[in-house]
Amino acid sequence: MLLILILIAALAIGFFGLPLAAWAGFAAIAALLVWWPLLFIVVPVFAVFLIKDIRRKYITSNLFNFIKKKGLVPKVSETEETALRAGTNWIETDLFSGKPDFAKIFAEPYPELSKEEREFMDTKVNEVCGMTSDWEIFRDRDLSPAVWEFLKKEKFFGMIISKQYGGLGFSALGHSSVVAKLATRSQVLAITTMVPNSLGPGELLHRYGTEEQKNYYLPRLADGREIPCFALTEPNAGSDAANISSRGEAFKDEDGKIKIKINFEKRYITLGAVATVIGLAFKLSDPKNLLGHGKEPGITCALLPGDLPGIKRGRRHDPMGVPFVNAPLWGKDVVIETDRVIGGDAGIGKGWLMLMECLAVGRGISLPSTSAGGAKLVSRVVGDYSLVRKQFGMSIGKFEAIEEAMARITGFTYMIEAMRKFVAGAVDRGAKPAVTNAIAKYHATEKFRTIINDGMDILAGSAIIRGPRNLLAHPYMGVPVGITVEGANIMTRGLIQFGQGAVRCHPYSYLEIKALMNDDLEAFDHNFWAHVGHLVRNKCRSAVFFITRGYAHQPSQGGIVGKYERKLAWSSAKFAFMTDVALALYGGGIKMKERINSRFGDALSYMLMASCTLRRYTAEGSREEDRECVEWVLQYCMYETQKAFEGLYENMGWGFKYTFGLLSRINPIGTMPADWLGHKLAKRLLEQGEFRDHLTADIFMPDAKEHLSVLEKAHATVYEMEPVLARIKAASKEKRLPKGKPEMLVKEALAAEIITKEEAESLKKANELWLDAVMVDSFEIDDYLSYQMKSSK
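Residues numbered from 1 in each chain as written. Predicted model: local features only at pLDDT ≥ 70, side-chain atom pairs only at ≥ 80, totals over all residues. Heavy atoms only, no water.

A.B. asks: Just checking my understanding: could you explain the packing of helix α11 (residues 172-183) against helix α16 (residues 366-388) for this structure?
C.D. replies: Axis angle and axis distance: for two packed helices, these are the angle between their axes and the distance between the axes, and together they describe the pair. One way to put it is that α11 packs onto α16 with a least axis distance of 7 Å and a crossing angle of 40°. In terms of orientation, α11 and α16 fall into the oblique class. Our pair here, α11 against α16, has a crossing hand that is right-handed. Two secondary-structure elements touch here, α11 through Ser176, Val179, Ala180 and Ala183 and α16 through Ser366, Ser369, Thr370, Gly373 and Gly374. Along the lines of polarity and charge, the residues of the contact of α11 with α16 split into three nonpolar, six polar and no charged. (Axes fitted to C-alpha atoms, helices over the stretch in contact; angles between N-to-C directions. Helix = DSSP H or I, 4+ residues; strand = E, 2+ residues; numbered from the N terminus. Parallel < 35°, antiparallel > 145°, perpendicular 65-115°, else oblique. Left-handed = near helix turned anticlockwise from the far one by under 90°. Contact = heavy atoms within 4.5 Å. Nonpolar A, V, L, I, M, F, W, Y, C, P; charged D, E, K, R; others polar.)

A.B. asks: Just checking my understanding: could you explain the side chain of His474 for this structure?
C.D. replies: Mapped onto the elements of the fold, His474 is located in helix α20 (residues 473-484). A polar atom in the side chain of His474 sits 3.1 Å from the side chain of Arg466. Leaving out residues up to four positions away in the same chain, His474 has contacts with Asp134, Trp135, Phe138, Gln187 and Arg466. (Polar contact = N/O pair within 3.5 Å; in protein donor to acceptor, adjacent residues only side chain to side chain.)

A.B. asks: Please clarify how the environment of Phe422 should be interpreted in this entry.
C.D. replies: With respect to the element layout, Phe422 can be found in helix α17 (residues 400-428). Along the sequence, Phe422 and Thr613 sit 191 residues apart, while their C-alpha atoms lie 9.0 Å from each other. In this view, Phe422 contacts Trp90, Ile91, Ile105, Glu108, Pro109, Tyr110, Cys612 and Arg615; residues no more than four positions away in its chain are not counted.

A.B. asks: What is the right way to read the packing of aromatic side chains from this model?
C.D. replies: The geometry of an aromatic ring pair is captured by the separation of the ring centres together with the interplanar angle, meaning the angle of the planes. The final tally for this structure, using the stated rule, is 32 aromatic pairs. When the centroid spacing of 5.1 Å and the interplanar angle of 85° are considered together, the rings of Phe15 and Phe16 count as edge-to-face. Accessibility expressed as a relative area gives 54% for Phe16, which makes it exposed. Aromatic pair Phe528 and Trp529: ring centres 4.9 Å apart, planes at 85°, arrangement edge-to-face. According to the relative accessible area criterion, Phe528 is buried, its value standing at 18%. Here the aromatic residues Phe49, Phe64, Phe524, Phe528 and Trp529 are joined through ring pairs into a cluster of three or more. Looking at Lys574, its charged tip hangs above the ring of Phe645, at a distance of 5.1 Å from the centre. (Phe/Tyr/Trp six-rings, centres within 6.5 Å; stacked < 30°, edge-to-face > 60°. Buried < 20%, exposed > 50% of the residue type's maximum accessible area, 1.4 Å probe, protein only. Lys NZ or Arg CZ within 6 Å of the ring centre and 35° of its normal.)

A.B. asks: How do you make sense of the pattern of salt bridges when you look at a structure like this?
C.D. replies: It is possible for side chains of opposite charge to pair when their charged atoms get near one another. Tallying each qualifying case throughout the model produces 45 salt bridges. Between Arg139 and Asp140 there is a salt bridge whose closest N-O contact spans 3.0 Å. Its relative accessible area of 31% is what places Arg139 among the partly exposed residues. The salt bridge partner of Lys259 is Asp253, with a shortest N-O separation of 3.2 Å. The exposure class assigned to Lys259 is buried, which follows from its relative accessible area of 17%. (Salt bridge = Lys/Arg side-chain N within 4 Å of Asp/Glu carboxyl O.)

A.B. asks: How do you make sense of the layout of surface pockets when you look at a structure like this?
C.D. replies: Empty space among the atoms becomes apparent when a probe as large as a water molecule is rolled across them. By volume, the second largest pocket is sized at about 720 Å³. Around the second largest pocket, the lining is made up of 25 residues, and of these Leu20, Trp529, Ala530, Val532 and Gly533 lie nearest the centre. At ten residues, the largest contribution of residues to the lining of the second largest pocket is made by helix α24 (residues 521-548). Tallied by class, residues from the lining of the second largest pocket come to 14 nonpolar, five polar and six charged. (1 Å grid on protein atoms, 1.4 Å probe; cavity = no way out; pocket = protein on both sides within 12 Å on 5 of 7 lines; lining within 4 Å. Points joined across faces, edges and corners; volume = space filled by probe spheres on them.)

A.B. asks: Quick question: what am I supposed to make of the nonpolar core here?
C.D. replies: One recurring pattern in soluble globular proteins: nonpolar side chains tend to sit buried together. Membership of the largest hydrophobic core comes to 127 residues, with the highest contact counts inside it found for Ile458, Phe575, Met652, Ile755, Leu763 and Trp770. In this structure Ile755 touches Val724, Arg727, Ile728, Val746, Ala749, Leu750, Ala760 and Leu763, once residues within four positions along its chain are discounted. Formed by 68 residues, the second largest nonpolar core is a distinct cluster that contains Trp148, Leu173, Ile260 and Phe700. (Core = buried A, V, L, I, M, F, W, Y, C linked by side-chain atoms within 4.5 Å.)

Below you can see the structure in the form of structure tokens.
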């Protein structure tokens, strides 16, 4: 009993993170209670650790030298350090801490569009969507000239440019919402609008340009007189963008003026074939130090007019058949003035920092926006089609196999939108959360991949026959584009989410690394022993949460929010403890443990997405209509977090596998979403009402003749005709009518006076509408061949 009480006291001290002095006092009391001679061991040991000078001289210094000698500290290159310094931390730091402050997280403002942004969405965005036919874009391989002109005239390319320079000056949420809505109409339209407002000349100039550069270029970019692109990727430099081979060399011309001669080969450049101003990243060398920044200033960004001598362009890539403008670019001995360097003299050699800081923000805006828009489109199409389409006398959306996929579509759509808005709001408040944005990009695109695959499966033949009626084929074709750009997902998961997060978000690891690199024993002593205390605290918290299933955490709110706060607190403590174990176990080698990094990244990601989901739910007033959807998402996130931990235990050594692994399976943090909950979500997606409308808010609804509107009308008609069909079905069961599908017994029901003439007429029109809704396109052979020839050019 005494030992049990001592253990409980130790767990309590660790759980609350009390200082070393408290541990010393506890150890002394425990020694007295157990066997007083133990004091002769306890007192000297704690004295050594409590007296900093003694600890530093006899323990820390030896540890410091051992770590350096064995090369256990991760080497951080200059480019890696720049990437680590770029951006800021956000709520992911709380999750890394093992003790997240949920009151602070839920106090984070949840953004809404300004009046001006809402008006733009409801007018200009609707107008350009109405002008756009996605089928015609794919047929003609481009936006129409009228759409291009409208985008320029209405400053769609200048959303992020401030009003001072003639732009719209929209918030990150405003910019994101416009792109998301455009994506509900056409991927190509969304991408074409997105790119000038993402990483490129506009953003770089706003952040780093000289006043002369801003005053000249920004008004021209805002109103479309200039079309921008940004050229970074090369044949041998994709994810490893720091190793670009494009070269620029400073020299003096015949008049003694300093200029830069550049040679480059770039690929995958969106808008490259039509851009009038090219943002270019290249490595600048200056053998004679003419610029005064050394012989190798490094990566530099410059603005090049598209018609400069030596630039070759005009060819096009064909990215999965999706006809947004994407192209290779070449430059041979292209000569520019030094004032074309972004930022002028101050920008020389600062290109990598510029790129990392912009990507730290951009990843969380662009692709999550297109994914959110695409998810809403799929949700609406699947909800409509699954009710209208019947097999074996029943709407296909009522089959359990299809319900399972519909639940994923519904839950993921809600989750993506929660993450999109919450992250955009953080950016608008000045945050540049690099790790969160990498997670947002990765999971928004991956979850949309699942959504569109599920949608294709449900619509089956209707989804694979291309034509104006097919609303899913083109988004499906474009999925690999989102997966690949702004950092390939496979690399993002393996390297950035946890690999970068473990350094920049952990309270001590980066400070320890810097202390070792700078030979700063005092800083290392402080941070290392604080790190040890951090590990002990989180092990105790993890143990207490395991025993109490999270109920040791006092939630900031009740109900479903409090329930999952507890699970997140438990997950965070376990995650923080396992992070420290991995750092100790692998040392500098953890950078190469990409499978381990990926599983840590998964755990962090699902904790973050659960936090975003809870924040959306509370910010929107804890709507009862959304509660089941939120519950499903949170169950899913906790289940995936559990799977990530199990993967870590299985692969970090037999000791973890047969201790933590077994205990984790006995008492899991989460289990897969319940079937009954999935059934509820699928049912909600089929039903007309507030939930479905809220889930797909800001989807563009075209005129009545287009197929989405046909599906919507057919969907509504199912509910209108339900009472009439129910009477026919009942009469058939009572043998007053022959057996058969109720909608096929209209004449007989009318003759038997089971339905009225008006109801019969309505059913006839409804049958025609339902048939129209599930029809697919076909083409005359000449039209088919003409389209195929145009597509292959």
